[in-house]
Amino acid sequence: MSLPAYATPLQRIWHYGFRVICGLIFFFLIAPIIVIIPLSFNAEDFFTFTPGMLALDPDAYSLKHYRDFFGNPDWQQALRNSITIAPVATLLSVGFGTLAAIGLSDSNMPFRRTIMAVLISPMIVPLIISAAGMYFFYSRIGLQGTYWGVVLAHAALGIPFVIITVTATLVGFDRSLTRAAASLGAGPITTFFRVQMPLILPGVISGALFAFITSFDEVVVVLFVGSAGQKTLPWQMFIGLREQISPTILAVATVLVCVAIALLVVVELLRRRSERLRGMSPS
Amino acid sequence: MSDTTTGQGGPVSAGGVMLAADGRPLKQSLARAQRRQRLRAFLLVAPLLAFVLIAFVAPIADMLFRSVENEIVPETLPRTVAELRRWDERSGSLPPQEVFVAMARDLQLAETRKLHTRVGQRLNYEYTGVSSLFRKTGRRLSRMGRELKQAFVGLDPAWGEPATWVELIGAPDWREAQAAWAARRARAGADAGPEPLFRADPAIAALLPQTADFYAAFARAIQTEDGDSPTEEAPWPLVYDALYRDLSGGADLSRHTGPHADLLRAAAAAVPGFPPVSIRDEMLKVDDGWGDVAMWQTIKAYSGRFTNGYFLAALDMKKTPDGIAMVEENRRIYLMLFWRTLLLSVGITLATLVLGYPVAWLLANLPARHANLLLILVLLPFWTSLLVRTSAWKVLLQQQGVINDLLVWIGLISDDARLVMINNQTGTIIAMTHILLPFMVLPLYSVMKTIPPSYLRAAKSLGATNWTAFWRVYFPLSVPGIGAGAILVFILSIGYYITPELVGGTSGIFISNRIAYHISISLNWGLAAALGSILLFAVLILYWTYDRIVGIDNVKLG
Amino acid sequence: MTPRKTAFAAMAGAGILAATAAMAQQMANTMTLVSWGGAYQNSQNQAYAIPYRAMHPEVEVVWDESSAEAVAKLRAMNEAGNITWDLVDVVAADAIRLCDEGLAMEIDHDEVLAPAPDGTPASEDFGELIVSDCFIPQIVFSTTFGYRTDVKEWGGKVPTSVCDVFDLKTFPGKRSLEKRPIGNLEWALICDGVPIEEVYDVLETEEGIKRAFAKLDTIRDQVIWWTAGAQTPQLLADGEVVIGSTYNGRLYAAIVEQKQPIAMLWDWQMFDLDGWIIPAGLPEDRLARVLDFVRFATDTQRLADQAKYISYGPARKSSAPLVPEHMKPHMPTDPANAKHTFLFNYEWWADYRDDLDARFQAWLAQ
């Protein structure tokens, strides 16, 4: 992509112009997320930079919105709910999803394409439709407004991600390894846990992270399927946003951005490890 | 395959058929192994498939069912529905007396079961005013036919006794069961369980069909709803009206020998002298809404177990006696909303394409080290909570928000002419473009990475200008990525709910927001389901297209 | 089992156990109260829930801000046969609807609720505010307007009539109105010269509806539509609007507690009632607990206490003298504020709501 020495002025302008445009687009992508971070330290209840903040006056910054987040029972309950729902939903999607992905990657699997389409559909069907359907159906079977109702719903939403990531790692999986293990006398369970699992683990973990973040961020379905006892962090944020944007939301948002960064780093490390294991170049 | 290898080493039978190690023909053995593998694969998938079917597919099927279900009308108003079948709705005249009587009886039962306002509400979706008509009438029903009750009781006080009715209408075996239950109850109290459900005597039902039917319905309703017993409660006045109708209709009592036969015969003789009672007039007196032919036409049109009414409403149409017609201009919203959802989604898809293409190109053509770094700028928004990004836009776009402050500070706009960028379409488009941009960049990037840069150089060395080389060589190769990204973004955006709800105001809301409104505020679940089904149908077509173009198994994340 | 397998299984087991335990804990002692959120819910918490918990520390109170969706959610719970709410705060219209559908429990007001301190039975103390057998009235509130007191463009004038909301010449600036036809259509007709007693008759005719929408058309470009009661105070405080409708108590909180430059416009305030219903079909133990709470939370003193925190009129006649003196001028029922009022007509809206809502949405979307 470097500019050749013989480039005409026009090419030069285009070359740098293009980079400026791309820079602006990257700015568009990242700036809204970055801008809320300093705002969350605002000492006032405003959503914009106060003159004091712009002058870098330490008094214009404070942790009071974080104190509100960590001290307010509503937010804490929401955080607790999110933490009790997301891992269990993730466990369900990963458990079922990994097994299914192994089955699906078998070339002998009948109706592979159709089943795949059904399993991926929770990602494709608009959330409001899933939410409406679950609301009606879970009401009929007594799951509406219960912890398990929300967990099941979230597990269903997380499954496509597990299927996609695990199937992707299985594409590079050398089947002769399982046969080698079998020929050396290992039973299918031992083979699975000692041979297959370690190799597809990066895929499983990143699938799990996707499923986790799906549940952790999900608001539409929980809004309908859940009740007060399952009010999650995004739900509490949604109420806050719809009614009045209290600056505490920005503190919560900053915390969530940190969670996102952590997850992103883990997934990136896993991807590289997986590619190294599969003998691919790291990119 | 390893099985084949074993087979090749195995013995060959006399007929020249290859045998496996266990002596079976290889072909058979292979087929068996394959079957077993297939079964194993299927068993691995089965738990998840069952899970998804129950937790996800069944709810959606249930929703589809709700969009056509109309059980409540025939279930709650069975007598009316049956009588209405005989009425010609095109005659322009009011239904006959029998329909009114049936309606009064159905409503009386519905009122006891607390269903009359619900069925009223169901019909109110189709015809304004039914809701309060049913409600208002429900309160007055207990007085309808009072004069007849007085006349019967005046003739013989026995008609006012609950026991008379139970003995007259109750089936003999039910009466025995009831007596046994009463004895048990006297001993054991509440442990005796509920009273056996009332059953009418078939003989009396043949003789006095309306009375037996309605009295049995009365008895069962008070048993199940209020926990009362027909042995202790005198029937509603409307039951006397039923008896009056049966008797004046010329029931042949001459050979009747059941209990209270004489009482019945005396009543039959006296009935012609009773004051004439018209339920129709009484209902019209309660509310002249009952005299509205169009309302009766609506009830008849929506009396089936299933209805296309919700789908029609979802498409701004309605049923009229002359067929299906559009609703009035000033009530049409859904077609417009579907259209807007479509347009905005196309706009957002185009915006993500325009912004995503250069970024993906840059990422694909930079050295891996730099590309990976820049990719993080795409992936971070992807991993960040939707609500975080929406709140960020809310903060940025407000009139007193960061962007307006900045513009005022630079001096581009004056303080009293701040831009309105939120609570309208602009807000929705900006925020959703931002939120969905990663879904465009990632597929584009993965396709562009596979296009060898040498193609462009080759084109240029053959004399193509930069533009020709890009447009004739590179661009066509990147089309699969465009297709994948565009369909993905489009599918995601037409179903969006949260962002339009928070930043869309009135002009930036999508069809999803109306679905949510009908679920939780207006409670018109049938309409919500119909709107959802239409949206779902559109998405499934796109999904199918996506599967065709890209293949479901080629979806990549991150 | 290999160590890794054991660890995996242990993790899975622990996760599920922890979740189940957390749930069981929650169900045992919690009482879920459903309300509207914001300042109103806070006043209920201060006046009822906190003192109640001081006497019954074993009871955990969970608040659910779902009153706006109460009918829908109760229907769903009823279908499911799993009632997770214990006490629900709803407006009178919803209470009537819930009672009609058998979703709320019918109660004997004199038996369930405490009598007034002088022994007057509850049904007399609440009087005609008991609009349904299921409804336990708490407050009289009104939907009315607030305006910013520092708008330069107004040149020192302040709005005195609800019709000033429609007067863009004298009072330019954005307005906020509720995103539903109820209230807005009535005000539009009143300001179009329809006498109050004829408003609903006029609205039943096509010309009347057109007239109301035509009046709203004159300000449509300047309106931000709200869906939650806290939005107008927020919009007023941020200066996003200069005048807006909301519940009077929300405005009180913005004016008195947050000291915002906002003032009340009481002209043609729309009265409504708000109160509790008990969901039908609660199990014995939960019902007993809820009845105990309700009896406490709706006695004369508690209703008067609530008026300390928010400017809604207590529903009991016997509470009125106990309302703190400084709160009286902020009450919607105060004679100075109640010169022009009308009562939200539940029955009429029950009929026309669906139809007019379709019209309203179509009008908004034009």
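Residues numbered from 1 in each chain as written. Chains lettered and ligands numbered in written order. Predicted model: local features only at pLDDT ≥ 70, side-chain atom pairs only at ≥ 80, totals over all residues. Heavy atoms only, no water.

**Focus on the overall build of chain C**
Quick reminder of the rule: The secondary structure listing takes helices from DSSP runs of H or I that are at least 4 residues long and strands from runs of E that are at least 2 residues long, numbered from the N terminus. Each radius of gyration reported is based on C-alpha atoms, and the globular scaling rule is 2.2 Å times the count of residues to the power 0.38. Residue contacts are counted whenever heavy atoms from the two residues lie within 4.5 Å of one another.
Summing up its helical and strand segments, chain C has 14 helices and ten strands in all. Here the C-alpha atoms of chain C give a radius of gyration of 23 Å, agreeing with the 21 Å that 2.2 N^0.38 yields for 366 residues. Taking the principal axes of the C-alpha coordinates as reference, chain C spans close to 80 × 60 × 40 Å. In chain C, of all internal contacts separated by at least 6 residues, the share reaching a separation of at least 24 is 74%.

**Focus on the overall build of chain B**
Rules: Remark: exposure states derive from per-residue accessible area (1.4 Å probe, protein chains only) relative to the maximum for the residue type, with buried under 20%, exposed over 50%, and partly exposed in between. Positive: Lys, Arg. Negative: Asp, Glu. His and the chain ends are not part of the count. By convention, charge coordinates are those of NZ in Lys, CZ in Arg, CG in Asp, or CD in Glu.
A count of helices and strands for chain B gives 27 helices and two strands. In terms of C-alpha radius of gyration, chain B reaches 37 Å, well past the compact-globule figure of 24 Å for 558 residues. Taking the principal axes of its C-alpha atoms as reference, chain B extends roughly 115 × 100 × 50 Å. Counting across all 558 residues of chain B, residues that qualify as buried make up 52%. Within chain B, contacts between residues separated by at least 24 positions form 69% of all contacts whose residues are at least 6 apart in sequence. Averaged over its 53 positive side-chain charges, chain B has a centre that lies 13 Å from the centre of its 47 negative ones.

**Some points on the state of the cysteines**
Joining two cysteines, a disulfide is a covalent bond between their sulfur atoms. Residues and elements named next belong to chain C. Definition in use: Pairs of cysteine sulfur atoms within 2.5 Å are what we label disulfides.
Scanning all chains against the criterion turns up two disulfides over all chains. Disulfide partner of C99: C134, at an S-S distance of 1.9 Å. With the S-S bond torsion at 70 degrees, the cross-link from C99 to C134 turns out right-handed. In this pair, C99 is assigned in helix α4 (residues 92-100) and C134 in the loop between α6 (122-126) and β4 (136-148), connecting sequence segments 35 residues apart. A relative accessible area of 1% means that C134 is categorised as buried. Disulfide pairing places C163 opposite C191 at an S-S distance of 2.3 Å. Because the sign of the S-S torsion sets the handedness, a value of about -100 degrees for the bond joining C163 and C191 places this disulfide among the left-handed ones. A residue pair is termed long-range when its members are at least 10 positions apart, and C163 in the loop between β4 and β5 (175-178) and C191 in helix α7 (residues 184-191) qualify at 28 residues. Owing to a relative accessible area of 13%, C191 belongs among the buried residues under this scheme. Of note for chain C: the bonded cysteines, numbered N- to C-terminal, pair according to 1-2, 3-4.

**Details of the confidence of the model for chain C**
All names here are of chain C. Applicable threshold: Summary of the metric used: pLDDT quantifies the predictor's per-residue confidence within the range 0 to 100.
Here chain C averages 87 in pLDDT, while 92% of its residues score no lower than 70. When the criterion is pLDDT under 50, residues 1-14 qualifies, and its contacts beyond four places in sequence or with other chains add up to six contacts. Between residues 16-27, whose pLDDT stays under 50, and residues either more than four places distant or in other chains, the model counts eleven contacts.

**Examining the domain arrangement of chain B**
Where interface size is quoted, it is often the accessible area lost as the parts come together. Residues and elements named next belong to chain B. Stated precisely, the cut-off is as follows: An automatic or database domain assignment is the source of the domain bounds shown. Reported buried area values correspond to the accessible surface (1.4 Å probe) lost by two parts on association, with both partners' losses combined. Whenever a carboxyl oxygen of Asp or Glu lies within 4 Å of a side-chain nitrogen of Lys or Arg, that contact is scored as a salt bridge. Nitrogen and oxygen atoms within 3.5 Å of one another constitute a polar contact, given that in protein one can donate a hydrogen and the other can accept it, and given that sequence-neighbouring residues count only through two side-chain atoms.
Taken domain by domain, chain B comprises domain 1 (2-66), domain 2 (75-142 + 280-307), domain 3 (146-274) and domain 4 (334-554). A combined buried area of about 420 Å² lies between domain 1 and domain 4, and 78% of that area is made up of carbon and sulfur atoms. Per-residue buried area on domain 1 facing domain 4 is highest for M63, L64 and R66; these three make up 88% of the total on that side. Between domain 1 and domain 4 we count zero salt bridges in total. Along the contact surface separating domain 1 from domain 4 lie zero residue pairs in polar contact (both at pLDDT 80 or more).

**What to know about a nonpolar patch on the surface**
All names here are of chain B. For clarity, the cut-off: Patch construction takes residues with relative accessible area above 30% that form no salt bridge. Like charges are linked within 9 Å, and nonpolar side chains (Val, Leu, Ile, Met, Phe, Trp, Tyr) are linked within 5 Å. Here the accessible surface of atoms and residues is derived via Shrake-Rupley with a 1.4 Å probe, and residues count as covered only by protein chains that are part of the display.
A cluster of nonpolar side chains, L406, W409, I410 and L412, forms an exposed patch at the surface whose accessible area comes to about 530 Å². Residue placement: L406 occurs in helix α21 (residues 402-410). Given a relative accessible area of 47%, L406 falls into the partly exposed group.

**Topic: the interface of chain B and chain A**
Across the contact, 93 residues belong to chain B and 92 residues belong to chain A. Of the roughly 8,500 Å² buried at the junction of chain B and chain A (both faces included), carbon and sulfur atoms supply 80%. Considering only the surface of chain B that becomes buried against chain A, L48, F56 and W383 of chain B emerge as the three largest contributors, covering 10% of it. Between the two partners, chain B and chain A, sit two salt bridges.

**Here's the deal with the packing of aromatic side chains**
Applied cut-off: Each Phe, Tyr or Trp ring (for Trp, its six-membered ring) is paired with any other whose centre lies within 6.5 Å, and the angle between the two planes then decides the class: stacked below 30 degrees, edge-to-face above 60, tilted in between. Whether a charge sits over a ring depends on NZ of Lys or CZ of Arg being within 6 Å of the ring centre and within 35 degrees of the ring normal.
The full count for this structure, using the stated rule, is 63 aromatic pairs over all chains. The structure contains a cluster of three or more aromatic residues connected by ring pairs, namely F152, W159, W165, W174, F198, F214, Y215, F218, W236, Y240 and F274 of chain B. Between K319 of chain B and the ring centre of Y302 of chain B, over which it is positioned, the NZ or CZ distance is 4.6 Å. Sitting above the plane of the W525 of chain B ring, R75 of chain C keeps its charged end 5.9 Å from the centroid.

**Observations concerning the confidence of the model for chain B**
All names here are of chain B. Across chain B, the average pLDDT comes to 88, with 96% of residues at or above 70. For chain B, the element scoring lowest by mean pLDDT is helix α1 (residues 2-9), at 43; helix α4 (residues 78-84) scores highest, at 96. Note that pLDDT drops below 50 for residues 1-10; the model gives that stretch six contacts with residues more than four away or on any other chain.

**A word on the interface of chain A and chain C**
With 34 residues of chain A at the contact, the number on the chain C side is 31 residues. When the two sides are added together, the surface that chain A and chain C hide from each other amounts to roughly 2,600 Å², 57% of it contributed by carbon and sulfur. The tally of links between chain A and chain C comes to one salt bridge. In this structure, K231 of chain A and E65 of chain C form a salt bridge, with 2.8 Å as the shortest nitrogen-oxygen distance. Going through the elements one at a time, α4 (73-104), α6 (127-141), α7 (147-171), α9 (188-217), α10 (220-225) and α11 (233-243) of chain A are the ones with two or more residues in the side of chain A that touches chain C.

**So, the pairing of strand β1 (residues 317-320) of chain B**
All names here are of chain B. Threshold: Strands pair, by our definition, only if DSSP identifies at least two bridges between them.
As defined by bridge partners, β1 adjoins strand β2 (residues 323-326) across four bridges and the pair is classed as antiparallel. Considered in β2, the bridge of K319 is made with I324. The hairpin turn running from β1 into β2, its antiparallel successor, is two residues long.

**Notes on the pattern of salt bridges**
Residue and element names in this part refer to chain B. Per the counting criterion, the structure on display carries 36 salt bridges over all chains. Note that R199 and D173 form a salt bridge whose closest N and O atoms lie 3.0 Å from each other. Residue R199 is found in the loop between α10 (172-188) and α11 (202-207), and its partner D173 is found in helix α10; the two are separated by 26 residues along the sequence. Note on R199: relative accessible area 37%, which makes it partly exposed.

**Here's the deal with a negative patch on the surface**
All names here are of chain B. Together, E225, D226, E232 and E233 make up a negatively charged patch on the protein surface. Tracing the backbone through its elements, the reader meets D226 in helix α12 (residues 209-226). Classification of D226 as partly exposed rests on a relative accessible area of 45%.

**A few points about the domain arrangement of chain C**
All names here are of chain C. Stated precisely, the cut-off is as follows: Polar here means any residue outside two lists: the nonpolar Ala, Val, Leu, Ile, Met, Phe, Trp, Tyr, Cys and Pro, and the charged Asp, Glu, Lys and Arg; Gly therefore counts as polar.
Domain boundaries in chain C define domain 1 (3-140 + 274-330) and domain 2 (142-271 + 334-365). Centre-to-centre, using C-alpha coordinates, domain 1 lies 30 Å away from domain 2. Taken residue by residue, the interface counts 16 residues in domain 1 and 14 residues in domain 2. A combined buried area of about 1,200 Å² lies between domain 1 and domain 2, and 57% of that area is made up of carbon and sulfur atoms. Run the count over domain 1 and domain 2 and you get zero salt bridges. Here domain 1 and domain 2 share three residue pairs in polar contact (both at pLDDT 80 or more) between them. When contributions to the side of domain 1 that touches domain 2 are tallied by element, the ones reaching two or more residues are α2 (38-55) and α4. If you tally residues by element for the side of domain 1 that touches domain 2, the top one is α4, at three residues. Here the side of domain 1 that touches domain 2 is composed, by residue class, of eleven nonpolar, four polar and one charged.

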